[in-house]
Amino acid sequence: MQRSVPRPPLRFSTQTLLLQLAVVLLVVLLSATVHAWLTYDRVGSDAENQALTLARTVASDPQVRADVLAISDQPGTPPPGELLAGPLQSAAEAARTRTGALFVVITDETGIRLAHPDPQRLGEKVSTDPSEALSGQEITTRNTGTLGPSAGAKVPVYAPGSTTVVGEVSVGYSMETVAQSVARDIGPVALTAAGALLAGILGSFLLRRRLQRLTLGLEPEEISTLVHDQVAVLQGVDDGVIGVSADGRVSVFNAAAQRLLELPDLSGTRWEDAPVPEQLKSLTRTAAGAVAVPGAVAVPGTVAVPGAVAVPGAVTAANSAGPAVDALELVAGGRVLVANARKALHRREDLGWVIMLRDRTELQQLTRQLDAVGTMSTALRAQRHEFANQLHTLAGFLGIGQHQEARDYLARLAATGPLKFPVDQAELLQDPYLQAFVGAKGVEADERGVALRIGPETLVRGQVTEAQDVTTVLGNLIDNAVNAAVAGSSTERWVELEVLDEPADDGGTLHIVVADSGDGLAEGTDAEGVFAEGFTTASGPVRAGGGQGFGLALARQLARRRGGDVKVLERGTKGGPGAVFMATLPQTTAGKPAAATPGAAGKDENG
């Protein structure tokens, strides 16, 4: 037996449409019913008032009052034939015919009919209670008598010149006539209700289309899943994500973006008014392709969000977006960031922009450290060949019996140490980390024909505790100085480094001064302008993603974030010496001076 396939549930928009139609239909039916009932009641009330007016007119007729009094004074009731030919019957029928009433009935003080549309009912007691009218009260009634349902009134008949009730007049209009009157009014009511129903149906369809457009055709379950996944992805990744809606407002500003830009949540802020770097705003002003932003470096490629969760019908930057804008580098909040923007589209609908931010600060620091390690590795490979030659020399001395010469040769080797960097007075840097880093920079400078030397005022007694910040600032200053020395007109190329630590209980301050043999700052160059993002004196094409133009800007922001600074002490002159830079880095060394060891100075006193 085949199992029946369950019917898929109705879409939320369809359910909403059906519910709205049901509500509109119910409201229209209730309104039409209430209106019909109010019309019926109004027409019935008009019939009662008309009957009351007619009854008063008949009851106040002097001739009717006199005739009713005359019959009431007689013993008994005249026979029906006499009543039929009498003046009361004639007066009652004349009034009924003239006004279109269902009946006009006149009775004596006991409720016996003296006039009635049906002659056979004459001389009989009325079918409805006449006691209220006979007691002197005027009343309106809706009841069913011998002639059918009616809306009428009863009025007492007084004796001429007296307040004595001698009978009553009962007038009624047929309820069927009332219903016919209501039926005539129902037509416009029905047309109005039908028009309201059509308007409600049209409004419901328009509302359904707007709901589908606002929810991008997603069901509530899909929207709920999308929100959960969005929160999980946006708050779980290390990349900053900024969403800008089609109307120019920030719709997404995740925690990583707040951390990288050091800004609060800007959701709801106009993108043009947001306090973000101008380079980020420039990314969204271009429909496609690369953006030329002053001071920004274009980086080919895009940045993807790791761990993104696919949701049916959801919009993602990977499969529903326009062309990505080439990435650019910028410095913000003491960090080097790579940013790129992508147009977000869904079924040809423009949803705005998605801007991705990735932190390259740590990557640049690791790259710089890796370069230093590579340089040291190259130096070690060169030393390996040198050690091999030294061993061959020792073997030669021992082979010819020159033992004393061999001992003297070993003593000289022990005095120079196992590894020699091309850095003069490197032993002044007692911190092993600084010694190794500056030594590696010395090897790089030596390969470019620049001598890196340590100034005589250098004295580092403590131990570096913030290696990343120190190497970032120090490495940028040395690299810039080496570049300036290479590009300078002086034949003697050198870079001089002086480092002095200032111990303190809460962390010592490191003072760094770097000078070179270059030509100094160019004429017209502002001393503060060299710290602007994108400023570079590098010759030749700028390597994409190389970070040129950000070194000094990043170094100053890192120093100022620690309460220090990087500034130009001297502008330098043409032909040398070149510019002099000074950096101050508080709380970057240990509070107590580190104990100096022979190995720290690069020498082995024990041989």
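As a reminder, the structure under discussion sits directly above these lines.
What you see is a predicted model, and the numbers here were worked out from it, not measured in a lab.

Considerations on the packing of helix H12 (residues 432–447) against helix H13 (residues 467–487)
- H13 packs onto H12 with a crossing angle of 25° between their chain directions and a minimal axis gap of 11 Å. It follows from the interaxial angle that H12 and H13 lie roughly parallel. Handedness of the crossing formed by H12 with H13: right-handed. Residue-level inspection shows Tyr433, Leu434, Phe437, Val438, Lys441, Glu444 and Ala445 of H12 in contact with H13, the latter providing Ala467, Val470, Thr471, Leu474, Gly475, Ile478, Asp479 and Val482.
- Partitioned by chemical class, the residues of the contact of H12 with H13 number 10 nonpolar, 2 polar and 3 charged.

Re the sheet that holds strand S4 (residues 148–158)
- Reading across from one edge, S2-S1-S5-S4-S3 is the order of the 5 strands in this open sheet, with antiparallel pairing throughout. With partners counted over all chains shown, the strands left at the sheet margins are strand S2 (113–115) and strand S3 (139–145), one partner each. Looking at each pair of strands side by side, their axes are set apart by 35° on average, direction ignored.
- With 6 bridges connecting them, strand S1 (residues 103–108) and strand S5 (residues 165–174) associate as antiparallel partners. Looking at S5, one finds that valine 104 is bridged to valine 171.

Observations regarding the side chain of aspartate 239
- The topology assignment puts aspartate 239 in the loop between helix H7 (220–236) and strand S6 (240–245).
- Engagement of the side chain of aspartate 239 in a polar contact is seen with the side chain of arginine 358, the distance being 3.3 Å.

Focus: a nonpolar patch on the surface
- A cluster of nonpolar residues, Leu19, Val23 and Val27, forms a patch on the protein surface that exposes about 270 Å² of accessible area.
- Its location among the elements puts valine 23 in helix H1 (residues 12–59).
- Classification of valine 23 as partly exposed rests on a relative accessible area of 44%.

Observations regarding the pairing of S3
- In the sheet, S3 pairs with S4 via 7 bridges, with the strands oriented antiparallel. Across the sheet, threonine 140 pairs through a bridge with alanine 153, a residue of S4.
- The hairpin turn running from S3 into S4, its antiparallel successor, is 2 residues long.

Topic: the packing of helix H2 (residues 62–73) against helix H4 (residues 87–99)
- Interaxial distance between H2 and H4 falls to 10 Å at its minimum, and their mutual angle equals 140°. In terms of axis orientation, H2 runs oblique to H4. Taken as a pair, H2 and H4 cross one another with a handedness that is left-handed. Side by side, H2 and H4 meet where Val64, Asp67, Val68 and Ile71 of the first sit next to Pro87, Leu88 and Ala91 of the second.
- Here the contact of H2 with H4 is composed, by residue class, of 6 nonpolar, no polar and 1 charged.

Rules and cut-offs
- Residues numbered from 1 in each chain as written.
- Predicted model: local features only at pLDDT ≥ 70, side-chain atom pairs only at ≥ 80, totals over all residues.
- Heavy atoms only, no water.
- Axes fitted to C-alpha atoms, helices over the stretch in contact; angles between N-to-C directions.
- Helix = DSSP H or I, 4+ residues; strand = E, 2+ residues; numbered from the N terminus.
- Parallel < 35°, antiparallel > 145°, perpendicular 65-115°, else oblique.
- Left-handed = near helix turned anticlockwise from the far one by under 90°.
- Contact = heavy atoms within 4.5 Å.
- Nonpolar A, V, L, I, M, F, W, Y, C, P; charged D, E, K, R; others polar.
- Pairing = 2+ DSSP bridges.
- Polar contact = N/O pair within 3.5 Å; in protein donor to acceptor, adjacent residues only side chain to side chain.
- Patch = residues over 30% accessible without salt bridge, like charges linked within 9 Å, V, L, I, M, F, W, Y side chains within 5 Å.
- Areas by Shrake-Rupley, 256 points an atom, 1.4 Å probe, with all protein chains shown as cover.
- Salt bridge = Lys/Arg side-chain N within 4 Å of Asp/Glu carboxyl O.
- Buried < 20%, exposed > 50% of the residue type's maximum accessible area, 1.4 Å probe, protein only.

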